[in-house]
Amino acid sequence: MASPLSGRIQIVRGDITRQPVAAIVNAANSSLLGGGGVDGAIHRAGGPQVLDECRQIRARQGGCKTGEAVITTGGHLPAAHVIHTVGPVWNGGHKGEPELLASCYRNSLRLATAGRLESVAFPGISTGIYGYPKPQAAAIAVREVRQWLAENEFPKLVVLVAFDEESRRLYEQELLG
Ligand code: AR6
């Protein structure tokens, strides 16, 4: 039987900067000043307004801790907002990484719910430069999104963006399993 939530979670293979959603999530670092990977791509596509708001948040609260999230405009992106969250660096898995990664998803979704945002797209937080194994990260992403959607009316839709085929397959397995 199809889960009642199945229509509210989508898997898309592609570039998160192109997603026509209310908010995209950025896999940032605690400085909030940009970096490589998806962070670099989002700042390039979003333009100076995104960085400027990140700087203002940094001046106010000193950046963003691992597991937490902040929200800015989307600048030139199709998405109106960017939710910046800081994933854990993988360090073998016994340094609180699973809990911190779960917090990234929950705190990002909390901002989306608070803003009554219709749709949010996530990249595989921590699964690039930060080295989190993709299978474990996909399991946490799907578990946290499912649980959040079961308990909240917003966002109506969560898009899990897979940058490569392996990630797409892992999300699909988790969603069907
Ligand atoms: N669209 C969707 N997914 C992407 C894109 C894209 N345009 N580009 C990369 N990915 P990473 P992290 C995938 O390294 O591991 C930055 O320097 C990528 O294949 O961007 O959380 C920050 O400033 C991978 O699966 O983020 C931090 O210092 C996933 O996005 C650090 O990297 C995340 O890869 C954060 O590392």
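Residues numbered from 1 in each chain as written. Predicted model: local features only at pLDDT ≥ 70, side-chain atom pairs only at ≥ 80, totals over all residues. Heavy atoms only, no water.

Some details on the pairing of strand β4 (residues 81–86)
Of all six residues that make up β4, five are buried, and the element is covered over most of its length. For strand β2 (residues 23–28) and β4, the ladder comprises six bridges, and the chain directions are parallel. From the neighbouring strand, Val 25 faces β4, where its bridge partner is Ile 83. (Buried < 20%, exposed > 50% of the residue type's maximum accessible area, 1.4 Å probe, protein only. Helix = DSSP H or I, 4+ residues; strand = E, 2+ residues; numbered from the N terminus. Pairing = 2+ DSSP bridges.)

Brief notes about the pattern of salt bridges
Scanning the entire structure with this criterion turns up seven salt bridges. The partner of Asp 164 in a salt bridge is Lys 134, with the nearest N and O atoms 2.8 Å apart. Of this pair, Asp 164 sits in the loop between β6 (157–162) and α5 (165–176) while Lys 134 sits in helix α4 (residues 134–151); the two residues are 30 residues apart in sequence, bridging distant segments of the chain. The partner of Arg 143 in a salt bridge is Glu 144, with the nearest N and O atoms 2.8 Å apart. On the accessibility criterion, Arg 143 (44% relative accessible area) is partly exposed. (Salt bridge = Lys/Arg side-chain N within 4 Å of Asp/Glu carboxyl O.)

Comments concerning the environment of Gly 34
Of note, Gly 34 is situated in the loop between β2 and α1 (37–46). Once the C-alpha coordinates of Gly 34 and Cys 54 are considered, the two residues, 20 residues apart in sequence, prove to be 8.9 Å apart. Once residues lying within four places of it in the same chain are set aside, the contact partners of Gly 34 are Asn 29, Asp 39 and His 43. (Contact = heavy atoms within 4.5 Å.)

Here we look at the site of the ligand
If you check the shell around the ligand, you find 20 residues, and the closest are Asn 29, Gly 36, Val 38, Asp 39 and Thr 127. At a separation of 2.7 Å, an oxygen atom of the ligand approaches a polar side-chain atom of Asp 39. Note that an oxygen atom of the ligand is positioned 3.0 Å from one of the backbone N or O atoms of Tyr 130. In the complex, the protein chains occlude 90% of the 710 Å² of accessible area that the ligand would expose alone. The set of elements that each furnish at least two residues to the shell around the ligand consists of β2 and α1. (Near = heavy atom within 4 Å. Polar contact = N/O pair within 3.5 Å; in protein donor to acceptor, adjacent residues only side chain to side chain. Areas by Shrake-Rupley, 256 points an atom, 1.4 Å probe, with all protein chains shown as cover.)

Let's talk about the confidence of the model for the protein chain
Averaged over all residues, the pLDDT of the protein chain is 96; the fraction at 70 or higher stands at 97%. Taken over the whole predicted complex, pTM reads 0.98, whereas the ipTM for its chain interfaces reads 0.99. (pLDDT = per-residue confidence, 0-100.)

Looking at the packing of aromatic side chains
Under the defined criterion, the tally for this structure stands at two aromatic pairs. With a centroid separation of 4.8 Å and 35° between ring planes, the pair formed by Tyr 105 and Phe 122 is classed as tilted. Placement of the pair is Tyr 105 in helix α3 (residues 97–114) and Phe 122 in strand β5 (residues 119–122), with a sequence separation of 17 residues. Sitting over the face of the ring of Phe 154, Lys 156 holds its NZ or CZ atom 4.7 Å from the ring centroid. (Phe/Tyr/Trp six-rings, centres within 6.5 Å; stacked < 30°, edge-to-face > 60°. Lys NZ or Arg CZ within 6 Å of the ring centre and 35° of its normal.)

Describing the nonpolar core
A general feature of soluble globular proteins is that nonpolar side chains tend to end up buried together. Tyr 105, Phe 122, Val 145, Leu 160 and Tyr 171 are the most contacted members of the largest nonpolar core, which has 30 residues in total. Listing elements by their share of this core, those giving two or more residues are β2, α3, β5, α4, β6 and α5. Every residue in contact with Tyr 105, bar those within four places of it in the chain, is listed here: Phe 122, Pro 123, Gly 124, Ile 125, Ala 141, Glu 144, Val 145 and Tyr 171. Of all hydrophobic cores here, the second largest spans eleven residues; its members include Val 21, Ile 24, Ala 79 and Val 159. (Core = buried A, V, L, I, M, F, W, Y, C linked by side-chain atoms within 4.5 Å.)

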